[in-house]
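# Survey of secondary and tertiary structure
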Amino acid sequence: MTGAAGQLGRWLVDRARRAGHEVVAVELPAVVGQHSDGVRWRGADLTVLDEARAALAGVHAVAHLGALTSPGAAPEPEVHRTNVEATYNVLLAAEEHGLASVCTASSINAIGGIYSRRPRYDYFPLDEEHPSYCEDAYGLSKWIGEQQSAAFARRRPEVPFSALRFHALREDARAAAQGPDSDPEARWRDLWGWTSFDAAAAACLLALRRDVPGHAVYHVVASTTMCAVPSEELARRFYPEVPLRAPLPGGAGFYRGDKALAELGWDSRDEHPSLGAAER
């Protein structure tokens, strides 16, 4: 996996090891970790194609998590260049090495959200078919990453490619609900959503075990918001112009998770999924 020393990467390394997988953990050379049981570290700058090729040599599948994670992480052109080039290089190296499955970390910001001046949503709850209205370098890089995944899937129609749209990663529901972001005014742009690190890591493993070939995008977002205000009240208050295609009872999330449940077996209601047989 790439981005293995990042916050989500560390959760995924741990889950993969507990599931019995041998892990090749890829990170920038300056932060690469130490070899341990079941984990081999490789240093690589993934914006350099030859380094991406070396990093993925001899592996069976890849979860590509390595990225700059906000438009403020670097100057905007650098955020865009780094994320788009690294994703392309990982996808090309995966093709050249014949990897059996590819999972890429996308974001709900691929359609616009927290970094938009005024997000545009056409309906609630949102499904994976909603159009993209992103404006910022980070969201654009994630949307392009999804298109890159789809393009490589057309080149390798026998291989599953999964792009997972994560949202506001948090330790757990308590951390999400008690933080400053639980204020209705704080997260209105991206609809008060969140994902636990553990649930996101589980989704990565399930995506790599997906047995249906082709490209697919999945919302990996908790089934409830991080806000105590009822969701339909939030919709009326902040987005009175947006129609509801389905009810949002109580604190129901604004992002649909039924596709991930049906195709991956990932349940948006479970913030700490068990290591079941389907994950191995």
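A quick note: this is a predicted structure, and the numbers were derived from the prediction, not measured.

Looking now at the packing of helix α3 (residues 76-97) against helix α4 (residues 137-155). At a minimum axis distance of 9 Å, the contact between α3 and α4 shows a crossing angle of 15°. Put simply, α3 runs roughly parallel to α4. α3 and α4 meet at a crossing whose hand is right-handed. Across the interface between the two elements, E76, V79, H80, N83, V84, T87, Y88, L91, L92 and E95 from α3 touch A137, Y138, L140, S141, I144, G145, Q148, S149, F152 and R155 from α4. Of the residues in the contact of α3 with α4, the class split is ten nonpolar, seven polar and three charged.

What follows is about the packing of aromatic side chains. Each aromatic ring pair is specified by the distance between its two centres and by the angle formed by the two planes. In total, this model carries eleven aromatic pairs according to the counting rule given. Ring geometry for W11 and F197: centres 6.2 Å apart, planes at 5°, overall stacked. On the criterion of sequence distance, the pair formed by W11 in helix α1 (residues 7-18) and F197 in helix α6 (residues 197-208) is long-range, its members being 186 residues apart. Arranged with centres 5.0 Å apart and planes meeting at 85°, the rings of F124 and F254 form a pair that is edge-to-face. A residue pair is termed long-range when its members are at least 10 positions apart, and F124 in the loop between β4 (101-107) and α4 and F254 in the loop between α7 (231-238) and α8 (258-264) qualify at 130 residues. Given a relative accessible area of 1%, F254 falls into the buried group.

Now for the pairing of strand β5 (residues 160-166). With seven of seven residues buried, β5 is to be regarded as a mostly interior element. Burial of the side chains of β5 extends over both faces: P160, S162, L164 and F166 are buried on one face and F161, A163 and R165 on the other. Pairing analysis gives six bridges linking β4 to β5, with the strands arranged parallel. In the strand pairing of β5, S107 is matched with F166. In this sheet, strand β8 (residues 214-219) lies alongside β5 in parallel orientation, the contact comprising six bridges. Bridge pairing in β8 links P160 to G214.

This part is about the nonpolar core. By size, the foremost hydrophobic cluster in this structure holds 32 residues, and its most contacted members are L12, L164, F166, L264 and W266. Looking at this core, the elements with two or more residues in it are α1, β1 (23-27), β2 (39-43), β4, β5, α6, β8 and α8. No other element matches α6, which puts nine residues into this core. One finds A176, W188, L191 and F238 within the second-largest nonpolar core, a separate group that totals 25 residues.

For D198, the position within the fold is in helix α6. What makes D198 buried here is its relative accessible area of 7%. For the pair D198 and W11, spaced 187 residues apart in sequence, the C-alpha separation works out to 6.3 Å. D198 has contacts with W11, R15, R18, E271, H272 and P273, leaving out every residue within four places of it along the chain.

Right, let's get into the side chain of S70. Tracing the chain through its elements places S70 in the loop between β3 (61-64) and α3. What makes S70 buried here is its relative accessible area of 19%. With residues up to four places along the chain from it excluded, the contact list for S70 reads V79, Y115 and Y138.

Calculation notes
- Residues numbered from 1 in each chain as written.
- Predicted model: local features only at pLDDT ≥ 70, side-chain atom pairs only at ≥ 80, totals over all residues.
- Heavy atoms only, no water.
- Axes fitted to C-alpha atoms, helices over the stretch in contact; angles between N-to-C directions.
- Helix = DSSP H or I, 4+ residues; strand = E, 2+ residues; numbered from the N terminus.
- Parallel < 35°, antiparallel > 145°, perpendicular 65-115°, else oblique.
- Left-handed = near helix turned anticlockwise from the far one by under 90°.
- Contact = heavy atoms within 4.5 Å.
- Nonpolar A, V, L, I, M, F, W, Y, C, P; charged D, E, K, R; others polar.
- Phe/Tyr/Trp six-rings, centres within 6.5 Å; stacked < 30°, edge-to-face > 60°.
- Buried < 20%, exposed > 50% of the residue type's maximum accessible area, 1.4 Å probe, protein only.
- Pairing = 2+ DSSP bridges.
- Core = buried A, V, L, I, M, F, W, Y, C linked by side-chain atoms within 4.5 Å.

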